[in-house]
Number of protein chains: 2
Amino acid sequence: MEYRRIKDQDKDGDAVPDDLESLRGKPHSGSPKNVVALGGSSASTWKRKSIVTLALTILTSSQAILIVWSKRAGKYEYSVTTANFLVEALKCTLSLAALARIWRSEGVTDDNRLSTTWDEVSVYPIPAALYLIKNLLQYYIFAYVDAPGYQILKNLNIISTGVLYRIILKKRLSEIQWTAFILLCAGCTTAQLNSNSDRVLQTPFTGWLMAIVMALLSGFAGVYTEAIIKKRPSRNINVQNFWLYVFGMAFNAIAILVQDFDAVINKGFFHGYSLITVLMIVNHALSGIAVSMVMKYADNIVKVYSTSVAMLLTAIVSVFLFGFHLSLAFFLGSTVVSVSVYLHSIGKLQR
Amino acid sequence: MEYRRIKDQDKDGDAVPDDLESLRGKPHSGSPKNVVALGGSSASTWKRKSIVTLALTILTSSQAILIVWSKRAGKYEYSVTTANFLVEALKCTLSLAALARIWRSEGVTDDNRLSTTWDEVSVYPIPAALYLIKNLLQYYIFAYVDAPGYQILKNLNIISTGVLYRIILKKRLSEIQWTAFILLCAGCTTAQLNSNSDRVLQTPFTGWLMAIVMALLSGFAGVYTEAIIKKRPSRNINVQNFWLYVFGMAFNAIAILVQDFDAVINKGFFHGYSLITVLMIVNHALSGIAVSMVMKYADNIVKVYSTSVAMLLTAIVSVFLFGFHLSLAFFLGSTVVSVSVYLHSIGKLQR
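Residues numbered from 1 in each chain as written. Chains lettered and ligands numbered in written order. Predicted model: local features only at pLDDT ≥ 70, side-chain atom pairs only at ≥ 80, totals over all residues. Heavy atoms only, no water.

Note the cut-off: UniProt positions are given in the numbering used here, feature names are shortened, and annotations may be inferred rather than shown by experiment.
In the nomenclature of an unreviewed UniProt entry, chain A is known as Putative UDP-galactose transporter of Handroanthus impetiginosus. The UniProt entry for chain A carries the following text under Subcellular location (unreviewed entry): "Membrane".

Below you can see the structure in the form of structure tokens.
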């Protein structure tokens, strides 16, 4: 099992509050200078973690708002595969631009050089391949569930991420944190309830199975990406992103060939693009980079909480932007999600 | 909603695990013999507590099932005030019967004698008076909320009971237990959601205010009953019940005079009674006694959990009895309530 190997090479690459805890718990050995240095680095890591988490939350919220906006503005007949390809290409370009700046200021080192070994790069196509399989399955699941039902089933991702995070990365969650995770899943689903939600209970067995497989694929891809990125903590994140996104481009190019080749040849690559399409591509690219940063400086659990809170923020912002009404289910779901966030934080302290 | 009125009178009251906890927490003073005696009594207290809690849960479930059954069987034009009076009278009779058995086997002692002092009995009318005020308010709240909306607002009782339990009985709940209480309220409300629930958000300010006042009255009555019953732990519960129910009879007699005097004079006291009415009266009487027992041997918190779990059990039993369908909201709410029960128990351990 390759991921285990990855994980083993990266022990103690844990999130920051844990480090803080262990610092507090252990008797301080060594010079006071040493302790101060450790404290300083922890504080700055914590700051970096907060910034990337906040960025992911804001980007995910605005992403959903752009989707609502684009739906309101009318249908867009652009091909989704070309848009996905452009998202990967933009992420690649942004990573290279960031690297260029770093090379100018710091020079090329072992950690920020673009050239890599087969051994390092061989695992990078895996997340992209998993997402491709998941996206292909997505076309078939709609034979069994409608789109709002699928939105509800997607909350299974929360549970699958937690379980795979535990199994693959071998990181322990406390009992209270597991409880918090179940509540996060229940709370997010509750917040999305509407008068048609009960139809999801009529989903046939095949539909449930596909939803579970998709949740596992998505969870696995997320956790595996974290394992790859954390494998070599000193490696520059932009180099890691570059290689992840290069394979993302490649797999999306295959998807264009398979699904939209005729449309692209006949109508052109950018057929049906508008300002909103461009904004959505930019937003997806930035969110994608924020996800990588969260994987590097925090973890998949933080990512799940961040995107769940973003879902609630989106609904609240939509009240002001689009005059949406919040349902009682939304308030109840938000309460449960808030309790979950609180329990997750106290669960960490009690670990 | 008429039956509900009866049900409400028997709501709210709790304390044995707390005693167990405080026993464990405190350094044991006195002889080892003393410690053993305490341990033995704790085990039997725990057993007694479990039995009364189970009885309350089953009786509350079957109560709701009788309500559904009576609705299915058609309307019953009996006067609710006479039924309430009979519930109190039956509880009084059962308490006296239990006392008669005890007097025969144990003789009359200071703890089981029926005669009382003014000082002891003066507080007993208070819970009955509070419930009467609450029931009168109930007629007015329906000008602002419909019956299903009122069912949802009644979940505020959970929070008010927790707050008043803390303030009046001065018993501490741990942070996790408070969190569990918020979840219990959110989970019960979620489980009751249906397509019309959002209307409750349109409740005018006066409606909210009345719902909060009613929740506080109900919570206060429950917590106050617990305070009365626990004031003298050695006092026989049947004597305490007898005095509580005597005042219940008195206040319900006033209600008959005020509300249904004409109907009783013209149509008779038992007008409109049927087998289901009788079964409901017996059930309410037994549930009322179970509530008192839970107040004596456990506490209001246990009572709230017991009636909440009963609500879920009722829904599940109704699937088999009446072919009801369970909603997705019900599953989500049940998950949150289950997590709440779990958190309450671990919150107790960590206190």
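The structure having been displayed, the exposition proceeds.
Overview of the overall build of chain A
The line we're drawing: Every helix listed is a DSSP run of H or I at least four residues long, and every strand listed is a run of E at least two residues long, numbered separately from the N terminus. When accessible area is computed with a 1.4 Å probe and restricted to protein chains, residues below 20% of their type maximum are described as buried, those above 50% as exposed, and intermediate ones as partly exposed. Contact definition: two residues touch when any of their heavy atoms are within 4.5 Å. Each accessible area is a Shrake-Rupley estimate made with a 1.4 Å probe; only the visible protein chains count as cover when residues are assessed.
Across its full length, chain A holds 15 helices and zero strands. The buried share of chain A, taken over its 351 residues, is 48%. Counted over contacts in chain A with a minimum sequence separation of 6, partners at least 24 positions apart contribute 88%. Accessible surface computed for chain A: about 17,400 Å², of which carbon and sulfur atoms make up 65%.

Let's talk about the packing of aromatic side chains
Formally: Ring pairs are drawn from Phe, Tyr and Trp, using the six-membered ring of Trp, whenever the two centres fall within 6.5 Å, and their geometry is named by plane angle: stacked under 30 degrees, edge-to-face over 60, tilted for the rest.
Within this structure, the stated rule accounts for 20 aromatic pairs over all chains. Their ring planes at 85° and their centres at 5.4 Å tell us that B:Phe242 and B:Trp243 sit as a pair that is edge-to-face. For the pair shown, B:Phe242 and B:Trp243 are each scored as buried. Measuring from centroid to centroid gives 5.1 Å for B:Phe269 and B:Phe270, while their planes differ by 65°, and the two rings are edge-to-face. Overall, B:Phe269 belongs to the partly exposed group, its relative accessible area being 26%. Put simply, the rings of A:Phe85, A:Phe269, A:Phe270 and A:Tyr273 touch in pairs and so form one group of aromatic residues.

Details of the relation of the copies chain B and chain A
Worth spelling out the cut-off: All copies are superposed by least squares; the fitting set is the C-alpha atoms of residues with a pLDDT of at least 70 in both.
Superposing chain B onto chain A requires a rotation of 180° together with a translation of 0.0 Å along the rotation axis, leaving an RMSD of 0.1 Å. Accordingly, the operation relating the two chain copies is best matched by a two-fold axis. In terms of proximity to the rotation axis, the leading residue of chain B is B:Ser195, whose C-alpha is 2.6 Å off the axis. Same-surface contact between copies: 100% of interface residues of chain B are shared with the interface of chain A.

Looking at the UniProt feature "transmembrane region" (unreviewed entry) in chain A
Residues and elements named next belong to chain A. Mapped onto this structure's residue numbering, the UniProt feature "transmembrane region" (unreviewed entry) falls at residues 51-70, 176-193, 205-229, 241-258, 270-292, 304-322 and 328-346. Between the C-alpha atoms that bound residues 51-70 the distance is 28 Å, and the span itself is 100% helix and 0% strand. Between the first and last C-alpha atoms of residues 304-322 the distance is 26 Å; the span itself is 100% helix and 0% strand.

Notes on the environment of B:Val341
Residues and elements named next belong to chain B. Within the element layout of this structure, Val 341 appears in helix H15 (residues 328-350). Taking the relative accessible area as the measure of exposure, Val 341 reaches 36% and is therefore partly exposed. Along the chain, Val 341 and Ser 306 lie 35 residues apart, while their C-alpha atoms are 9.9 Å from each other. In contact with Val 341, other than residues within four places in its own chain, are Tyr 305 and Val 309.

Re the nonpolar core
Counted only if it meets this: Working definition of a nonpolar core: buried Ala, Val, Leu, Ile, Met, Phe, Trp, Tyr and Cys residues. They are joined through side-chain atoms within 4.5 Å.
In terms of nonpolar packing, the biggest core is built from 109 residues, with A:Leu183, A:Leu343, B:Leu183 and B:Leu343 touching the most fellow members. Among all residues touching B:Leu183, those that are not within four sequence positions of it are A:Leu183, A:Val336, A:Val339, B:Val336, B:Val339, B:Ser340 and B:Leu343. Counting residues in each nonpolar core, the second largest holds 25 residues, with B:Val239, B:Leu244, B:Ala290 and B:Val291 among its members.

Concerning the interface of chain B and chain A
Applied cut-off: Accessible area that two parts lose when put together, evaluated with a 1.4 Å probe and summed over both, is termed the buried area. Salt bridges are identified by distance alone: a Lys or Arg side-chain nitrogen within 4 Å of an Asp or Glu carboxyl oxygen. Counting of polar contacts relies on pairs of N or O atoms within 3.5 Å, with two restrictions inside protein: one atom must be capable of donating a hydrogen and the other of accepting it, and residues adjacent in sequence are counted only when both atoms are side-chain atoms.
The interface is formed by 28 residues belonging to chain B together with 28 residues belonging to chain A. Contact between chain B and chain A buries roughly 2,100 Å² in total, counting both sides, with carbon and sulfur atoms accounting for 81%. Run the count over chain B and chain A and you get zero salt bridges. Across the chain B-chain A interface, the total number found is four residue pairs in polar contact (both at pLDDT 80 or more). Sorting the residues of the side of chain B that touches chain A by element identifies helix H9 (175-191) and H15 of chain B as the ones contributing at least two each.

Observations concerning the confidence of the model for chain A
Let me state the cut-off plainly: Confidence scores labelled pLDDT are given residue by residue by the predictor and lie between 0 and 100.
Summarising the model, chain A shows a mean pLDDT of 84, and 86% of its residues fall at 70 or more. Confidence over residues 1-40 of chain A falls short of pLDDT 50; this stretch has 40 contacts with residues more than four positions distant or in other chains.

Details of the state of the cysteines
The test is simple: Cysteine sulfur atoms are paired as a disulfide whenever they come within 2.5 Å of each other.
Evaluated as defined, the whole model comprises zero disulfides over all chains. For the unlinked cysteine A:Cys188, the closest cysteine sulfur is that of A:Cys185, found at 7.4 Å.

A short note on the pattern of salt bridges
All names here are of chain A. On inspection of all chains with the given rule, the structure shows 16 salt bridges over all chains. Where Glu 120 meets Arg 235, a salt bridge forms, and the shortest distance between an N and an O atom there is 2.9 Å. One end of the pair, Glu 120, is in helix H5 (residues 118-121); the other, Arg 235, is in the loop between helix H10 (205-231) and helix H11 (237-259), with 115 residues separating them in the sequence. With respect to burial, Glu 120 and Arg 235 carry one shared label: buried.

A short note on the side chain of A:Asn155
Residues and elements named next belong to chain A. On the secondary structure map, Asn 155 appears in the loop between helix H7 (147-153) and helix H8 (156-168). Side-chain polar atoms of Asn 155 contact the side chain of Gln 192, separated by 2.8 Å. Ignoring any residue separated from it by four or fewer positions in sequence, one finds Asn 155 in contact with Cys 185, Cys 188, Thr 189 and Gln 192.

Concerning helix H13 (residues 275-297) of chain B
Residues and elements named next belong to chain B. Keep this limit in mind: Each helix should span, by expectation, one fewer than its residue count multiplied by 1.5 Å.
A rise of 1.5 Å per residue sets the reference length of H13, with its 23 residues, at 33 Å; its end C-alpha atoms lie 33 Å apart and thus fit the reference within 8%. Most of H13 sits out of view: 18 of its 23 residues are buried. Put simply, Ser 274 is the residue that caps the front of H13, since its side-chain oxygen is 3.3 Å from the backbone nitrogen of Ile 276.

Here we look at a nonpolar patch on the surface
Rule in force here: Candidates for patches are residues over 30% relative accessible area with no salt bridge; among them, like charges are joined within 9 Å and nonpolar side chains (Val, Leu, Ile, Met, Phe, Trp, Tyr) within 5 Å.
A cluster of nonpolar side chains, contributed by A:Ile254, A:Leu257, A:Val258, A:Phe261 and A:Ile265, occupies part of the molecular surface with about 510 Å² of accessible area. Within the residue set of the nonpolar patch, elements represented by two or more residues are H11 and helix H12 (261-267) of chain A.

A closer look at unusual backbone geometry
For A:Lys170, which is not glycine, the phi torsion reads 55° and is therefore positive. Relative to the assigned elements, A:Lys170 resides in the loop between H8 and helix H9 (175-191).

What to know about the environment of B:Val302
In this structure, B:Val302 sits in helix H14 (residues 300-322). Remark: the alpha-carbon pair of B:Val302 and B:Lys49, spanning 253 residues in sequence, is separated by 9.3 Å.

A closer look at the environment of A:Met311
Residue and element names in this part refer to chain A. Inspection of the secondary structure assignment puts Met 311 in helix H14 (residues 300-322). Assessed through its relative accessible area of 22%, Met 311 is described here as partly exposed. Remark: the alpha-carbon pair of Met 311 and Gln 63, spanning 248 residues in sequence, is separated by 10.0 Å. Excluding its chain neighbours within four sequence positions, the residues that come into contact with Met 311 are Cys 188, Ala 191 and Gln 192.

Considering helix H8 (residues 156-168) of chain B
If you check H8(B), its first and last C-alpha atoms are 18 Å apart, about what 13 residues at 1.5 Å a residue would give, namely 18 Å. Among the residues making up H8(B), those that are buried are B:Asn157, B:Ile158, B:Ser160, B:Thr161, B:Gly162, B:Leu164 and B:Tyr165.

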